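Coordinate analysis (summary)
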There are 4 protein chains.
Amino acid sequence: MIRAGIVGGTGYTGVELLRMLALHPDVEVAVVTSRADAGVRVDAVYPSLRGKVEVKFSLPEVSTLSDCDVVFFATPNGTAMLMAEPLLAMGIKVIDLSADFRIKDVADWSHWYGMDHASPDLIAEAVYGLPEVNREAIKSARLIACPGCYPTAVQLGFLPLIEAGLIDDTHLIADVKSGVSGAGRKAELAALMSETGEGFKAYAVNGHRHLPEIRQGLGLMAGHEVGLTFVPHLTPMIRGIHATLYGQLRNAEISVESVQNLFETRYQHEAFVDVLPSGTHPDTRNVRGSNNCQISIFRPQGSQMLVVLSVIDNLVKGAAGQAIQNMNLMFGYSENKGLDIIALYP
Amino acid sequence: MIRAGIVGGTGYTGVELLRMLALHPDVEVAVVTSRADAGVRVDAVYPSLRGKVEVKFSLPEVSTLSDCDVVFFATPNGTAMLMAEPLLAMGIKVIDLSADFRIKDVADWSHWYGMDHASPDLIAEAVYGLPEVNREAIKSARLIACPGCYPTAVQLGFLPLIEAGLIDDTHLIADVKSGVSGAGRKAELAALMSETGEGFKAYAVNGHRHLPEIRQGLGLMAGHEVGLTFVPHLTPMIRGIHATLYGQLRNAEISVESVQNLFETRYQHEAFVDVLPSGTHPDTRNVRGSNNCQISIFRPQGSQMLVVLSVIDNLVKGAAGQAIQNMNLMFGYSENKGLDIIALYP
Amino acid sequence: MIRAGIVGGTGYTGVELLRMLALHPDVEVAVVTSRADAGVRVDAVYPSLRGKVEVKFSLPEVSTLSDCDVVFFATPNGTAMLMAEPLLAMGIKVIDLSADFRIKDVADWSHWYGMDHASPDLIAEAVYGLPEVNREAIKSARLIACPGCYPTAVQLGFLPLIEAGLIDDTHLIADVKSGVSGAGRKAELAALMSETGEGFKAYAVNGHRHLPEIRQGLGLMAGHEVGLTFVPHLTPMIRGIHATLYGQLRNAEISVESVQNLFETRYQHEAFVDVLPSGTHPDTRNVRGSNNCQISIFRPQGSQMLVVLSVIDNLVKGAAGQAIQNMNLMFGYSENKGLDIIALYP
Amino acid sequence: MIRAGIVGGTGYTGVELLRMLALHPDVEVAVVTSRADAGVRVDAVYPSLRGKVEVKFSLPEVSTLSDCDVVFFATPNGTAMLMAEPLLAMGIKVIDLSADFRIKDVADWSHWYGMDHASPDLIAEAVYGLPEVNREAIKSARLIACPGCYPTAVQLGFLPLIEAGLIDDTHLIADVKSGVSGAGRKAELAALMSETGEGFKAYAVNGHRHLPEIRQGLGLMAGHEVGLTFVPHLTPMIRGIHATLYGQLRNAEISVESVQNLFETRYQHEAFVDVLPSGTHPDTRNVRGSNNCQISIFRPQGSQMLVVLSVIDNLVKGAAGQAIQNMNLMFGYSENKGLDIIALYP
């Protein structure tokens, strides 16, 4: 039994960590912080947790977290980089769900996130927490940078193709659609139901913060820089990401069956990546609430353009679930412990 | 480990049984029937179950189910009454999620359901599966009639008041709102998203089949017939029932605090009925996917009119979850085995 | 052609006024104010108005509005009471969509709205803008207090019954459901899609600001105080109000047909109140975007409890449409000018 | 005043024609057919039309339509091709909203629509009713083939680029998202709210019937065959299409400003195509219920990949509105008569 702390427990990734950790057989949620709600019972803010979570919110201070074995940061960007160092110094493992340690190039990070990095030395040490790519490094890591939600869906969809060098990686396209919970639990006009229900739009087409993260990940897989156009969209639902990925086959001789085989082989031992039978279309509803990524591959009308469809729940495989998957690896637990959840359909 | 069969596995209550039974530590789902999909893998129809359910659909025949310890009927009305008898004769316990055995008065049942009853003798034996009322009888039952979704929410909301005789039970009002999954997984024009999204309406105001069931249940609690107006509504969401219940206090001296105490006391040992702190409004989102019923009590503006708010997930506490709760009781398992699920919020 | 001003043009009632006034043949929208967006083109904030509205937002000052013939207040409560007097003094008619002049009892208003009234003398003069009740007074009024959205739906549903004295008015119940646009265009956590989509809840059960307004209106119809329990609910859609109203017939001999006749007769000359054929259930989708109120009457199972269903679009008949209906009456236009809109179905 | 008939009045495009034609100052809706509902008042099926449409449904027979000046087909594919010839022979103009006359290559049509064409001779005569491309031909046409919803959004987005030869048209990508009303008013399991709400998926990736139509249209613009990958998606809302279009600039020197100018110039006289200011993202909510297409152009991160965003209401500019726009042109009316509708926001 390990003791876990959650910094930033009042956002959607925070409550989602609680939903899963509260039932994890080897974890005790010892500390949940919230500056605004310190002293209040967690289940008073989240009645869905009544009977399962008995703690109160604490102030987000290093001293409060000193008895933890692992601390999750479910905070806005810029917080984890201030607190990670003292926690690590106490021997506490840190799993950051924010973007603070995702980008290896500090200048690039500062450009996209609009602030100086407070802990640049830790960036190099941080392991990018995509288990399907970095499993071994994660097992021995002290500090994990959990991937963003869009980057998870996009990278898992492109991964086998880029590793195998099958597609022209200079003109990749990722047309991705997200539910509104990705905007977080913040009082913002643009996230009102009256502004997001019954409507569909793209946003940040000229540049979204997840672009450099995806580019970095795909570049590492390819061994060189890739060219990527990434267009995020907001879809009128709460949870779910659907990535529609486009890449040209380098070789017209390659059959869609062989690509299907490639995906199935690459992911055959992955508990949370599920390559659907050929011809099936994934639906975000089939992964809602679960840590699964479901993927399909198409080569429409025999053209050289390959289309990969990849769906996740942005709050689970795209955030809290993947964080717990990392935790399981770091502490030697079975990778799916506490994550044995079936999607809520319908 | 017991072996369970599900007759009618392609509806929403069927797949919901599978979602929970697949993770139940003491149950093996041995048989799932579907006339239309016989021979097809269950997870081909429900990709959310991939990796968790390996069986194929079978034809709905008694012989196929003969090795089961318990059989759930997640069928349209009129099926369970044909198959229950031979199953019981083989020593198999039967849990019926349809309405076949809910109404004790056969003529009344025929009137509301528009058919003759094929198994009238079993009606008397069937135990109405509302554990908060009939726990002991359920433990020794062979045949359970699971309550309908509306009846569950309404009866749990009125129960303490009627048992205690606190309200005038001649003019009870139940104004209840349901998500659209209550209409089932059937190709019907009225259940299209274009017909149900972004709109709100009442239906069946002149008489809904759940009216006699609720009236029977409340009457048994009261010890005499009650007067009830029941108005069901369709609300543009998939899961959830919200019952708003109105009853006049017989005695103006009774404080809302004492009513709150009455509810808390009545439900203090119930794992799945949660009386919220005074002044809190329940929200269906806080029970979505879980077997919980959350209840609040109000006495607005000091009037004699008491308002009780009661929310459940219609597919869980209103159907499949309650059925499993009954199964646990019948087989001597801990009542919340396999039902330790936290609601999916947001 | 009259010149209209809109104070508070950035809320949902403001943009809804613009949607309809921009196509009104006898109105020029001359001034639209917004403190935050002064100087910005209106259609830059509301791209739905591109090509139809050419003005820029102005600062909300009396001097800016001096050339108007009529000024609409689509502001939060507490603004109209500060500006109405100088505008009226200039001979400008004022139509207030906020609550500032709705409650005749100043002390009661202050109690519910939590502030002192800045213009108590005008309260007596203000005409409550429910044309179905006050048509003649509206025609000659200088200052209109437009009804709230809940009060419009509830009063139109109870009106014929209370005028005719058919129901016991000491225990009226109004169980009302609203879309989320009723919460306005404000950055509030509780109105996020993640907090309101796929969930249903009651709110303010102990006391909502529309309660005294409805009570006042029903009391005036009855000629004495009425007893009312009012429970508002939030339903996961953007537009629409559905009122489910309960009242006991004083006389069990009265048939539902005669009540149907009463409603049809009372509303036979009303352009915007539509009594549906007996047995039909109204749906908010059938009035979305239109100024219509659709009403049905039921007497379920022959009981003495009458159930009235009344639906409107909260932003149209519940706000901007009704305001324009009032304007038409005040300026001698045909009552449905600019309001000849068919609901957007599906 | 002309007399219009609508064949197939019970689908969503039928009722949408009625919503607009009922308020068109120069049109009388004389006949509305429905085999299933013949003899029933139209407003009994569509209560949103009460007070505006007084006719009853007729049987769909040529004789019934003989007094019409124009007949709209809002039918499933395969009906218009049977009835168009006799109607045209009587001097009646025909506007077909189905796919019967869209594809010039009869064999290609039969391949995609799975039936023989009953009226191949009329295909050549039929004018493809995209006014922005074929305005002059439409004015003198007897028979109009209205574009599909996806083809309208995609063609208007690519049109200026292809006409100007600015992009490589061998690898065009159209990633398009549609609301569920596009599936029509049919009782189908896949269109239930429980199956489409709160979920997002692609469908028909290997080949959708609108692919040959789009390819034909773009080919005619280009003067040669184009290469296109078209991926349709279902998004959980009722109305709206959002096309995200990708094409590589042939010449890296071309600035996004000059592309913006190209679009603005090309569409400067178009009443229903609105090029948004640079940097703005269109939202389907801003065209809901209106006949507008709103378009934006991006060149993200200075790459050679151009991204065009194009939104319409699938039932209006993608169906009924465009049909009326065609009718206005055919009868010499102002093009926006009866179409002066502002989108319903929020």
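Residues numbered from 1 in each chain as written. Chains lettered and ligands numbered in written order. Predicted model: local features only at pLDDT ≥ 70, side-chain atom pairs only at ≥ 80, totals over all residues.

The subject of this paragraph is the overall build of chain A. Looking only at helices and strands, chain A has 11 helices and 14 strands in total. Taking the principal axes of the C-alpha coordinates as reference, chain A spans close to 60 × 45 × 40 Å. Looking at chain A residue by residue over its 346 residues, the buried ones come to 60%. In chain A, once contacts between residues fewer than 6 apart in sequence are set aside, the share between residues at least 24 apart is 71%. (Helix = DSSP H or I, 4+ residues; strand = E, 2+ residues; numbered from the N terminus. Buried ≥ 20, exposed ≤ 12 C-beta atoms within 10 Å, placed from the backbone. Contact = placed C-beta atoms within 7 Å.)

A few words on the interface of chain D and chain A. Often, the extent of an interface is quoted as the loss of accessible area upon association of its parts. Each partner contributes to the interface: chain D provides 39 residues, whereas chain A provides 39 residues. If you list the elements that add at least two residues to the side of chain D that touches chain A, you get strand 8 (172-178), helix 8 (193-196), strand 9 (201-202), strand 10 (228-234), strand 11 (241-248) and strand 14 (305-312) of chain D.

Moving on, we get to the pairing of strand 5 (residues 93-96) of chain C. Residue and element names in this part refer to chain C. Alternating residues of strand 5 divide into K93 and I95 and V94 and D96, and every residue in both groups is buried. Pairing analysis gives 4 bridges linking strand 4 (residues 70-73) to strand 5, with the strands arranged parallel. Following the sheet pairing, F72 is matched in strand 5 by I95. Each parallel crossover has a hand, and the one from strand 4 via helix 3 (residues 80-89) to strand 5 is right-handed. (Pairing = 2+ DSSP bridges. Right-handed = clockwise from strand over helix to strand, strands pointing away.)

In this section: the sheet that holds strand 2 (residues 27-33) of chain D. All names here are of chain D. Read from one edge of the open sheet, 7 strands run 3-2-1-4-5-7-6, paired in parallel fashion. Strands at the two margins of the open sheet, each flanked by one partner only, are strand 3 (57-58) and strand 6 (127-128). Relative to strand 2, strand 1 (residues 2-7) runs parallel, the two sharing 6 bridges. Bridge assignment links I6 to a residue of strand 2, and that residue is V32. Relative to strand 1, helix 1 (residues 12-21) is tilted by about 160°, and along the sheet it contacts strand 1, strand 2 and strand 4 (70-73). (Axes fitted to C-alpha atoms, helices over the stretch in contact; angles between N-to-C directions.)

Superposition of the two copies of the chain requires a rotation about an axis and a shift along the axis. The operation relating chain B to chain C is a screw motion whose rotation component is 180°, with 0.0 Å of axial translation and a residual RMSD of 0.0 Å. Such a turn and shift between the copies fits a two-fold axis. Among all C-alpha atoms of chain B, that of P236 of chain B lies closest to the rotation axis, at 3.0 Å. Counting the interface residues of chain B, we find that 100% of their copies in chain C are interface residues as well, pointing to one common contact surface. (Least-squares fit on C-alpha atoms with pLDDT ≥ 70 in both.)

Counting from both sides, the interface comprises 39 residues of chain B and, opposite them, 39 residues of chain C. When residues of the side of chain B that touches chain C are traced back to their parent elements, those giving at least two are strand 8 (172-178), helix 8 (193-196), strand 9 (201-202), strand 10 (228-234), strand 11 (241-248) and strand 14 (305-312) of chain B.

Once chain D is rotated about the relating axis by 180° and shifted along it by 0.0 Å, it coincides with chain A to within an RMSD of 0.0 Å. Mapped onto chain A, 100% of the interface residues of chain D again fall at the interface, so both copies present the same surface.

With that settled, the discussion passes to the pairing of strand 14 of chain B. All names here are of chain B. Across the 8 residues of strand 14, 8 count as buried, placing the element largely inside the fold. Strand direction decides the pairing type here: strand 13 (residues 293-298) and strand 14, joined by 5 bridges, are antiparallel. When the bridges of strand 14 are listed, I297 appears paired with V308. Between the antiparallel neighbours strand 13 and strand 14 lie 6 residues, among them Q301 with a positive phi of about 55°.

For the rest of this paragraph, the subject is unusual backbone geometry. In terms of backbone geometry, most residues other than glycine have negative phi values and most peptide bonds are trans. Looking along the chain, the bond that leaves Y345 of chain C and enters P346 of chain C is cis, with omega of -5°. Residue position: P346 of chain C is located in the segment after helix 11 (316-330). One non-glycine residue with positive phi stands out, namely Q301 of chain A, at about 55°. With respect to the helices and strands, the residue Q301 of chain A is situated in the loop between strand 13 (293-298) and strand 14 (305-312).

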